[in-house]
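One-letter residues, chain by chain:
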Amino acid sequence: MDIRKLGLTFNTIFEKWMFLIIPCSLIFGFLLERPLQAFVPAVPYLFAFVTLTMAMGCGLNHLRGVMKRPGIMLLTFLLAHVVSAVIAYAAGVAIFGADSPYVVGLVLFTIIPLGVSSVLWVGMSGGSVPLMLAMVVLDSLLSPLVVPAGVHAFFGTGVEVKAGPLMLDLTIIIVLPTIIGVVLYELSKGTAAVRTKPIAAPISKLCFVSVVALNASAIAPYVEELKRDMALLVPVVIVLVGICYAVGFVFTAGLRDRETQTTVSYATGMRNISLGIVLAMGYFSPLAAVPVVLSILIQQPVATVHHYVLHKLNRNKTGNAVRTHVR
């Protein structure tokens with residue numbers, strides 16, 4: 001088997017079992033916290049490569065396509081970063097109190113950019129991959145503005161965040177790789193992602209797993225003091241992640257467009273969790289990173305459940321349509 005075929009096979013297997021691999025890498029990070037902590041400074045660079053490989057699949061034509069549907073794009077961003085954030089803040093304050101770092105983590109989950117892996121799930125569930133990909137790219141480009149603004153809107157001066165360094169870091173690990181990826185797409189006339197996929201995709205997956213494991217090792221020393229909170233925090237995070245999927249699905253039901261509804265529901269449900277952990281560990285209390293870490297364990301399994309529900313709903317609608325037609 002040549003190296004290109006091996007790379008594609010590895011990538012296919014990884015994507016199929018991603019919902020198990022990511023939680024396992026998190027556990028791996030906790031178990032090997034001491035040897036892994038020396039490599040934590042490499043996280044931003046690993047994450048930048050993940051962003052670059054994602055962006056190489058998006059060109060200006062995709063972005064122009066999204067601009068032709070500004071209503072859907074605006075609705076998605078409002079649902080993902082405003083409606084979901086308000087729900088997260090209200091639930092966090094009601095359950096943990098306004099001063100709890102867990103509230104910061106819950107809100108941070110909703111204001112970080114849309115998840116790269118959502119593109120994969122949208123494709124498998126019959127959504128619009130170009131729309132999802134373009135929204136991920138645009139949301140990533142806007143993140144240096146959205147994240148600091150969101151933190152300030154909900155917490156004001158109660159949470160001290162240096163907006164300048166935060167925006168600079170987001171620019172380096174998200175914006176610049178995204179721009180480079182789009183430029184490569186254009187220069188290669190859309191072939192960059194396909195030509196580099198056998199090598200770049202597996203490396204990107206390994207970088208993604210490494211980001212998760214390394215950040216888990218960074219937060220591991222604080223796990224001991226979390227034990228008393230886990231019984232309450234885990235269900236809260238599960239419900240919040242589920243609500244985020246539901247928000248996108250319910251608020252687009254009136255459009256009567258299955259493809260758009262599927263796309264928006266994944267967009268509002270999935271976040272760039274590895275970036276969220278990088279930000280939480282770098283700019284907030286380590287405890288604020290805990291809800292974001294937990295969402296890694298939850299986000300992919302919930303995506304699997306959501307995929308199953310969408311499949312059942314769409315099959316039932318198709319069956320009903322057929323029976324009606326026969327009559």
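In case you missed it, the structure is sitting above this.
Here the structure is a predicted model, which means the values were calculated and not measured. Here, residues in each chain are numbered from 1, in the same order as that chain's written sequence. Thresholds applied to this predicted model are a pLDDT of at least 70 for local features of residues and 80 or more for the giving and counting of side-chain atom pairs; totals over whole chains, interfaces and linings are not thresholded and use all residues. Hydrogens and water molecules were not included; the side-chain quantities draw on all heavy atoms of the structure.

Engineer: Explain the packing of helix α5 (residues 60-67) against helix α9 (residues 129-155) residue by residue, including any values.
Structural biologist: Between two packed helices, both the angle of their axes relative to each other and the distance between the axes serve to describe the pair. A fitted line through C-alpha atoms serves as each axis, taken over the contacting stretch for helices, and the angle formed by two N-to-C directions is quoted from 0 to 180°. Only DSSP runs of H or I reaching four residues or more are called helices, and only runs of E reaching two or more are called strands; each is numbered from the N terminus. Interaxial distance between α5 and α9 falls to 9 Å at its minimum, and their mutual angle equals 95°. One finds that α5 runs roughly perpendicular with respect to α9. Across from His62, Leu63, Val66 and Met67 in α5, the residues of α9 making contact are Pro130, Leu131, Ala134, Met135, Val137 and Leu138. The residue classification treats Ala, Val, Leu, Ile, Met, Phe, Trp, Tyr, Cys and Pro as nonpolar and Asp, Glu, Lys and Arg as charged. All others, Gly included, are polar. Of the residues belonging to the contact of α5 with α9, the class tally is nine nonpolar, one polar and no charged. The cut-offs work like this: below 35 degrees is roughly parallel, past 145 is roughly antiparallel, 65 to 115 is roughly perpendicular, and the gaps in between are oblique. Contact criterion: two residues are considered in contact whenever any of their non-hydrogen atoms come within 4.5 Å of each other.

Engineer: Could you give an account of the side chain of Ser140, naming the residues involved and the relevant values?
Structural biologist: You can see Ser140 is positioned in helix α9. Residue burial is assigned from relative accessible area. The probe radius is 1.4 Å, only protein chains are included, and a residue is buried under 20% of its type maximum, exposed over 50%, and partly exposed in between. What makes Ser140 buried here is its relative accessible area of 1%. Within polar-contact distance, the side chain of Ser140 engages the backbone oxygen of Val136 at 2.7 Å. Apart from the residues lying within four places of it in its own chain, the contact partners of Ser140 are Met54, Pro113, Ile174, Val175 and Thr178. Between N or O atoms, a polar contact is any pair within 3.5 Å; within protein, one atom must be a potential hydrogen donor and the other a potential acceptor, and residues adjacent in sequence are included only when both atoms are from side chains.

Engineer: Give me the lowdown on the environment of Leu31, citing residues and values where you can.
Structural biologist: With respect to the helices, strands and loops of the structure, Leu31 is situated in helix α2 (residues 18-31). Separated by 186 residues in sequence, Leu31 and Ser217 place their C-alpha atoms 7.8 Å apart.

Engineer: Outline the nonpolar core, supporting the account with residue identities and numerical values.
Structural biologist: Side chains of a nonpolar character, in soluble globular proteins, are inclined to be buried together. Residues belong to a common nonpolar core when they are buried Ala, Val, Leu, Ile, Met, Phe, Trp, Tyr or Cys residues joined through side-chain atoms within 4.5 Å. Leu108, Leu114 and Tyr266 are the most contacted members of the largest nonpolar core, which totals 89 residues. Here the element with the most residues in this core is α9; it accounts for 11 residues.

Engineer: Before we move on, can you summarise the packing of aromatic side chains with the specific residues and values?
Structural biologist: Stacked, edge-to-face and tilted labels apply to pairs of Phe, Tyr and Trp rings (six-membered ring for Trp) whose centres lie within 6.5 Å, assigned for plane angles under 30 degrees, over 60, and everything in between, in that order. Evaluated as defined, the whole model comprises six aromatic pairs. For the pair Tyr89 and Phe154, a centre-to-centre distance of 5.4 Å together with 40° between the ring planes defines the contact as tilted. Separated by 65 residues along the polypeptide, Tyr89 in helix α6 (residues 70-96) and Phe154 in helix α9 bring together distant segments of the chain. Considering the side-chain rings of Phe96 and Tyr102, the 5.4 Å spacing of their centres and the 70° angle between planes classify their relative orientation as edge-to-face. Judged by its relative accessible area of 19%, Phe96 falls in the buried class. Relative accessible area serves as the criterion here: at 5%, Tyr102 is assigned to the buried category. Among the aromatic residues, those joined into a ring-pair cluster are Tyr89, Phe154 and Phe155. Only lysine NZ and arginine CZ atoms are considered, and such an atom sits over a ring when it is within 6 Å of the ring centre and within 35 degrees of the ring normal. The positively charged end of Arg271 is found above the aromatic ring belonging to Phe109, 5.6 Å away from the centroid.

Engineer: Tell me about helix α12 (residues 227-251), and name the residues and values.
Structural biologist: A helix is expected to reach a length of 1.5 Å times the quantity of its residues less one. Helix length check: α12, at 25 residues, gives a terminal C-alpha distance of 36 Å against a target of 36 Å (1.5 Å per residue), a fit within 8%. The angle between axes fitted to the seven residues ending at a residue and the seven residues starting there is what we call the bend at that residue. Residue Leu233 marks the point of greatest curvature in α12, where the axis turns by about 35°; the proline Pro235 follows within four residues. Among all positions in α12, only Asp229, Leu233, Val236, Val237, Leu240, Val241, Cys244, Tyr245, Val247 and Gly248 are buried.

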